[in-house]
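# Survey of secondary and tertiary structure
Below, each chain spelled out in residue letters.
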Amino acid sequence: MSGPQQRGTFRPSRTLAPVLPLRPVAAACVVALGWPVIAHSQSAAVAAPAAASAPAADAGQTVTVTGIRRSLESSISTKRNADGIVEAISAEDIGKLPDSSIAESLARLPGLTGQRGPDGRVNVISIRGLSPEFAGALLNGREVVSSNDSRAVEYDQFPSELIGQAIVYKTPTATLMGQGLSGTVDLRSRRPLDTRGREIAVNLRADRNDNGNLAPGVASPTGKRFSIAYIDQFAGNTLGVALGYARLDVTTNMKLSELVEYGDYSPFGLPVGGNVASQKPFAEGQTGKALLPMFWTATSSTKRNLRDGFMAVVEWKPNSDLRSQVDLYYSKFDTHEVGGKFLQSLFASWGQAFGAGVNNTLSEVGTTQIGNNTYATSALSSALPVTTGNFDTRRKDRITALGWNTEMKFAERWKAGADLSFSRDVRDEAYSEAYAAPYDRVNGGWAFGAFRWNVPVDGRQQTYTPVQANFLANPATIALGDVIGFDFVPGQPRWAGAVRTPHIEDDIQTVKLSLERSLDGVLSSFVGGINHTKRDKLVQKNESRLLMAQNARGVNIRDIPASALRDPFDMSWAGIPQLIRFDVPSLAQTGAVSLQPGRFTAKVDNDSGVQERVDAVRHVQHRHRSRRRPHPRQHRRAVRAYQAVVAGLRVPWQRRQPQHRAAVRAPRRGELQRLPAQPEPRCRDSVGPDRPLRPGRKHGPTQHRRHAGGQQHPHADHRPWPRPGDMEHGLLGQPGASALARGQ
């Protein structure tokens with residue numbers, strides 16, 4: 001043997017070539033899952049030593065990590081390599097996120113909270129407890145439009161099956177535009193060239209609603225979800241295509257009871273007799289009555305949610321120096337909700353007593369003592385003022401987003417990037433509501449019946465049951481109109497309801513250019529860029545009143561047409577055997593009611609718009625070079641210090657005002673120039689000309705209600721019914737009078 005002898009040298013006979021580099025988490029999972037196999041192999045080797053001489057047939061073995069282990073590894077790797085503090089969620093595989101929308105997936109991350117609507121579905125996200133309007137939303141790194149009245153994005157319009165990864169930036173990052181004050185959510189599609197080989201995934205799921213249909217005929221109680229995705233590469237892995245389609249058709253039911261207020265209004269002359277005295281006297285020895293449930297409502301509705309989403313990505317990478325990607329997203333989300341509502345108000349006893357001459361008397365009063373307060377939790381009311389309502393909401397949302405991104409390396413150290421994007425949202429909605437209540441056609445006035453109610457204060461089920469079973473369901477004894485004492489629209493005796501047809505348009509066009517140069521020495525790279533964003537958003541509420549028709553003598557026709565009647569609502573869960581149901585849109589078609597367009601003041605208070613142009617230095621960033629990778633926390637702190645050196649400008653303006661650009665200068669050495677926050681839509685009302693308001697909300701001076709006795713109501717500004725003349729403060733549907741309150 002020639003040459004020196006080498007001792008202790010080991011040459012492996014097999015090679016292990018992993019497709020995905022194994023991080024510690026993935027390696028631990030592989031070891032844990034493979035340990036039983038290793039133990040079995042060792043025992044088999046002892047039992048059959050002859051098997052050791054068999055030739056090795058698995059030379060060049062490949063280990064591929066997939067499924068949940070790959071998802072965890074991808075998320076951890078994203079957080080480790082990020083310059084700021086981020087949270088990330090990745091799909092196990094294509095189309096494998098289990099939630100019905102990306103909103104439910106985001107709500108699982110630390111620091112994020114999903115806000116559910118009355119139907120139980122998550123539609124908006126709060127970051128660090130701030131309002132959803134303070135969070136930015138991106139799609140593949142680009143600002144995305146919103147169908148909400150404000151900037152808050154409704155994430156339930158994005159199917160989870162079409163999203164490959166979601167990253168939440170909790171700290172400002174100079175490379176992102178459209179950032180929010182509380183954080184920024186970036187939804188990313190799958191890149192087809194990051195996948196090796198062809199992948200096809202088909203998902204089919206079904207669910208069953210135990211409540212069935214609270215409003216029969218609106219939707220099926222069986223929900224369906226279907227999705228299909230396809231990824232493939234062509235031309236020697238230089239061209240990749242990813243296609244995905246997802247459909248959602250589910251039903252949600254709502255059973256909602258609301259106790260607005262307990263109170264004792266006997267010192268103010270509340271015309272309700274038979275109430276028991278409070279067990280403990282008030283201050284200064286004054287006596288009072290037991291606290292009564294002054295206002296209580298019960299709502300029952302069925303809603304159909306139908307969503308179609310489509311995602312397409314085409315990626316081209318002919319060599320290592322050029323990469324270009326075009327992506328398209330389209331979503332169509334239609335909802336239809338039908339519901340009924342029961343309302344009782346002891347506040348209306350003032351109008352009942354002075355308008356109809358019938359007083360409400362209590363008997364069989366049951367009380368509950370909590371501390372110094374005596375609550376009347378059950379009783380029999382002889383003539384309870386009540387009313388009913390029906391509402392119908394149809395909403396259509398269309399979102400289209402198109403983007404083109406290209407990156408190219410040249411001259412060894414330089415890399416240029418360009419990104420063009422366009423997104424558009426159109427929302428149309430039709431919300432109709434109408435009120436009706438028992439009516440005494442003989443005497444020409446409202447009828448007040450006996451009710452037995454049970455309203456415990458410990459969270460148990462609350463019920464209001466009419467003594468006469470069909471008191472709230474007989475079309476022959478129920479009439480359209482505003483019950484005396486409720487006064488939804490005072491001064492308009494023909495008022496029977498309202499119709500709202502909101503229309504929202506939101507367009508965003510963005511152009512981004514960036515340039516990066518790698519450096520030697522302490523600094524590893526320099527990145528700079530510019531950004532131009534144009535956004536136009538229009539919010540129109542388009543409110544109209546429903547007015548009853550009149551006969552030749554000028555008398556209101558209160559009859560509900562037979563063609564508009566439907567099967568009654570079953571609200572036995574609230575103690576009401578049956579509640580009258582009628583199709584509100586059919587009322588106008590039959591001529592029973594007519595539309596009165598909204599007043600100018602209503603449009604001023606509700607309509608809004610935003611026209612902004614943002615020109616900014618996109619980012620200036622220096623990255624520190626280190627031979628030894630620092631601790632992740634130290635690395636993040638160092639990068640953030642360099643990101644603080646940012647020169648930027650955002651100049652928004654409104655077209656209706658003189659256009660001008662503020663004079664700006666580049667920051668001097670050692671000086672930081674802050675980027676101003678993106679402006680929220682502004683509108684004006686009688687409170688003050690400079691007060692910023694959220695569009696769609698009613699902000700006006702507090703109006704106090706006075707009862708017939710002339711005394712001011714002690715809780716007038718907190719009462720649950722609308723202020724006089726405020727059509728947008730109806731009481732049906734979702735909070736805020738209608739389904740328009742989504743995201744508020």
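Numbers given for residues are sequential positions, taken from 1 along each chain in its written order. Selection of residues for local features in this predicted model requires a pLDDT of at least 70, selection of side-chain atom pairs for listing and counting requires 80 or more, and totals for whole chains, interfaces and linings are taken over all residues. Hydrogen atoms and water are omitted, and side-chain values are computed over all heavy atoms in the structure.

### Side note on the overall build of the protein
Helix numbering and strand numbering both begin at the N terminus, where a helix is a DSSP run of H or I of at least 4 residues and a strand a DSSP run of E of at least 2. Each helix and strand in the protein was counted, giving seven helices and 29 strands. Relative accessibility under 20% of the residue-type maximum defines a buried residue, over 50% an exposed one, and the middle range a partly exposed one, all with a 1.4 Å probe and only protein chains included. Relative to its full complement of 744 residues, the protein shows a buried share of 49%. Note on definitions: a residue-residue contact is assigned when non-hydrogen atoms from the two residues lie within 4.5 Å. A separation of at least 24 residues holds for 75% of the contacts in the protein among residues at least 6 apart in sequence.

### With respect to the pairing of strand β25 (residues 543-548)
Within β25, six of the six residues are buried, which leaves it mostly tucked inside the rest of the structure. Residues of β25 alternate between two faces, with Glu543, Arg545 and Leu547 on one and Ser544, Leu546 and Met548 on the opposite face, all of them buried. Pairing between strand β22 (residues 495-500) and β25: five bridges, direction antiparallel. Its bridge partner being in β25, Val499 is matched across the sheet by Ser544. Should DSSP find at least two bridges between two strands, the strands are regarded as paired. Sheet analysis places β25 next to strand β28 (residues 593-597), joined by five bridges and oriented antiparallel.

### Quick look at the side chain of Arg395
Relative to the elements of secondary structure, Arg395 occurs in strand β16 (residues 386-410). The buried category is assigned to Arg395, whose relative accessible area is 2%. Side-chain polar atoms of Arg395 contact the side chain of Asp397, separated by 2.7 Å. Two N or O atoms count as a polar contact when they lie within 3.5 Å, although within protein this holds only if one can serve as hydrogen donor and the other as acceptor, and sequence-adjacent residues are included solely when both atoms are side-chain atoms.

### Focus: a nonpolar patch on the surface
There is a patch of nonpolar side chains on the surface, built from Val314, Val326, Leu402, Trp404, Leu420, Val511, Leu513 and Ile530 and spanning about 660 Å² of accessible area. Looking at the nonpolar patch, the elements with two or more residues in it are β16 and β23 (503-518). Mapped onto the secondary structure, Val314 falls in strand β12 (residues 292-319). Surface patches are drawn from residues lacking salt bridges whose relative accessible area is over 30%; two like charges belong together within 9 Å, two nonpolar side chains (Val, Leu, Ile, Met, Phe, Trp, Tyr) within 5 Å. Method for areas: the Shrake-Rupley scheme with a 1.4 Å probe, in which residue coverage is limited to the protein chains shown. In what follows, salt bridge is the name for a side-chain nitrogen of Lys or Arg lying within 4 Å of a carboxyl oxygen of Asp or Glu.

### Looking at the pairing of strand β15 (residues 373-384)
Counted residue by residue, β15 has nine buried out of 12 residues, so it is predominantly covered. Direction of pairing for strand β14 (residues 360-370) relative to β15: antiparallel, over a ladder of seven bridges. Residue pairing for β15: Thr368 is matched across the bridge by Tyr375. Hairpin geometry of β14 and β15 is characterised by an intervening segment of two residues between the two adjacent antiparallel strands and by a positive phi of about 65° at Gly371. Of the strand pairs in this sheet, β15 and strand β19 (residues 449-454) are connected by five bridges, and their pairing is antiparallel. Across the sheet, residue Ser381 finds its bridge partner in β19, namely Phe451.

### Overview of the pattern of salt bridges
Enumeration according to the criterion identifies 31 salt bridges in this entry. Between Glu154 and Arg395 there is a salt bridge, and its shortest N-O distance comes to 2.8 Å. Here Glu154, found in the loop between β5 (142-143) and β6 (165-169), pairs with Arg395, found in strand β16; they are 241 residues apart in sequence, far enough to count as distant. Grouping residues by exposure puts Glu154 and Arg395 together as buried. One network of salt bridges, in which partners are shared, links Asp149, Arg427, Glu429 and Lys541.

### Some thoughts on the sheet that holds β6
Strand pairing in a sheet takes place through backbone hydrogen bonds and is either antiparallel or parallel in direction. Read across the sheet, five strands follow the order β1-β6-β7-β4-β5 without closing on themselves; strand pairing throughout is mixed. Two strands bound the open sheet, and with one partner strand each, they are β1 (86-90) and β5. As paired strands, strand β4 (residues 135-139) and strand β7 (residues 183-188) are joined by five bridges and run parallel to one another. Paired with Leu139 across the two strands is Leu187, which belongs to β7.

### Looking at the sheet that holds β15
Strands sit in the order β11-β14-β15-β19-β20 across an open sheet of five strands; the sheet is mixed. If you trace the sheet from one side to the other, it starts and ends with β11 (272-273) and β20 (463-466), each paired once.

### Looking at the nonpolar core
Only buried residues count toward a nonpolar core. Its members are Ala, Val, Leu, Ile, Met, Phe, Trp, Tyr and Cys residues joined through side-chain atoms within 4.5 Å. Of all hydrophobic cores here, the largest spans 36 residues; its most connected members are Leu292, Phe342, Phe451, Tyr464 and Leu472. Those elements that provide at least two residues to this core are β12, β13 (322-345), β15, β19, β26 (565-571) and β27 (576-582). Excluding its chain neighbours within four sequence positions, the residues that come into contact with Phe451 are Phe342, Ala379, Leu380, Ser381, Leu384, Val386, Tyr464, Thr465, Pro466, Val467, Phe471 and Leu472. If you look at the next biggest cluster of nonpolar residues, it comprises 32 residues, including Ala137, Leu162, Val185 and Met311.

### Details of unusual backbone geometry
In this structure, Arg128 takes a positive phi of about 55° despite not being glycine. Note that Arg128 resides in the loop between β3 (122-127) and β4. Phi at Ala235 is positive, roughly 55°, even though this residue is not glycine. Position of Ala235 relative to the elements: it lies in the loop between β9 (222-234) and β10 (239-263). Judged by relative accessible area, Ala235 falls into the exposed class, the value being 59%.

### Here's the deal with the confidence of the model for the protein
One number per residue, pLDDT, summarises how confident the predictor is, and it ranges from 0 to 100. Taken over all residues, the pLDDT of the protein has a mean of 76, while the share at 70 or more is 71%. Per-residue pLDDT stays below 50 along residues 29-57; that stretch engages in three contacts with residues further than four places along the chain or on separate chains.

### Some thoughts on the environment of Thr175
Residue position: Thr175 is located in the loop between β6 and β7. The class of Thr175 is partly exposed, set by a relative accessible area of 24%. Remark: the alpha-carbon pair of Thr175 and Gly141, spanning 34 residues in sequence, is separated by 9.5 Å.

### Some details on the packing of aromatic side chains
Between rings of Phe, Tyr and Trp, where Trp is taken as its six-membered ring, a pair exists when centres lie within 6.5 Å; planes separated by under 30 degrees are stacked, by over 60 edge-to-face, and by other angles tilted. Per the counting criterion, the structure on display carries 16 aromatic pairs. Between Tyr265 and Phe347, the ring centres sit 5.2 Å apart and the planes meet at 75°, which makes this aromatic pair edge-to-face. One end of the pair, Tyr265, is in the loop between β10 and β11; the other, Phe347, is in the loop between β13 and α4 (349-356), and 82 residues separate them in sequence. By relative accessible area, Phe347 is classed as buried at 1%. Here the aromatic rings of Phe451 and Phe471 are separated by 6.0 Å at their centres, their planes lie at 75°, and the arrangement is edge-to-face. Note that Phe451 is positioned in strand β19 and Phe471 in the loop between β20 and β21 (478-480), a separation of 20 residues in sequence. Just as Phe451 is buried, Phe471 falls in that class too. An aromatic cluster of three or more residues is present, and its members are Trp296, Phe342, Phe451, Trp453, Tyr464 and Phe471.

### As for the side chain of Thr510
On the secondary structure map, Thr510 appears in strand β23. With relative accessibility at 6%, the residue Thr510 sits in the buried group.

### Topic: the environment of Arg427
Position of Arg427 relative to the elements: it lies in strand β17 (residues 414-440). Sequence separation between Arg427 and Asp397 is 30 residues; the distance between their C-alpha atoms is 4.5 Å. Separated by 3.0 Å, the side chain of Arg427 and the backbone oxygen of Ser147 make a polar contact.

### Digging into a positive patch on the surface
Under the counting rule used here, the positive set is Lys and Arg, the negative set is Asp and Glu, and His together with the chain ends is not counted. Think of each charge as sitting on NZ of Lys, CZ of Arg, CG of Asp or CD of Glu. Where like charges cluster on the molecular surface, the positive patch consists of Arg191, Arg196, Lys317 and Lys409. Following the sequence through the fold, Lys317 ends up in strand β12. Assessed through its relative accessible area of 38%, Lys317 is described here as partly exposed.

### Side note on the environment of Asn123
Along the chain, Asn123 turns up in strand β3. A relative accessible area of 9% places Asn123 in the buried class. Considering only alpha carbons, one finds Asn123 and Asp156, 33 residues apart in sequence, at a separation of 4.9 Å.

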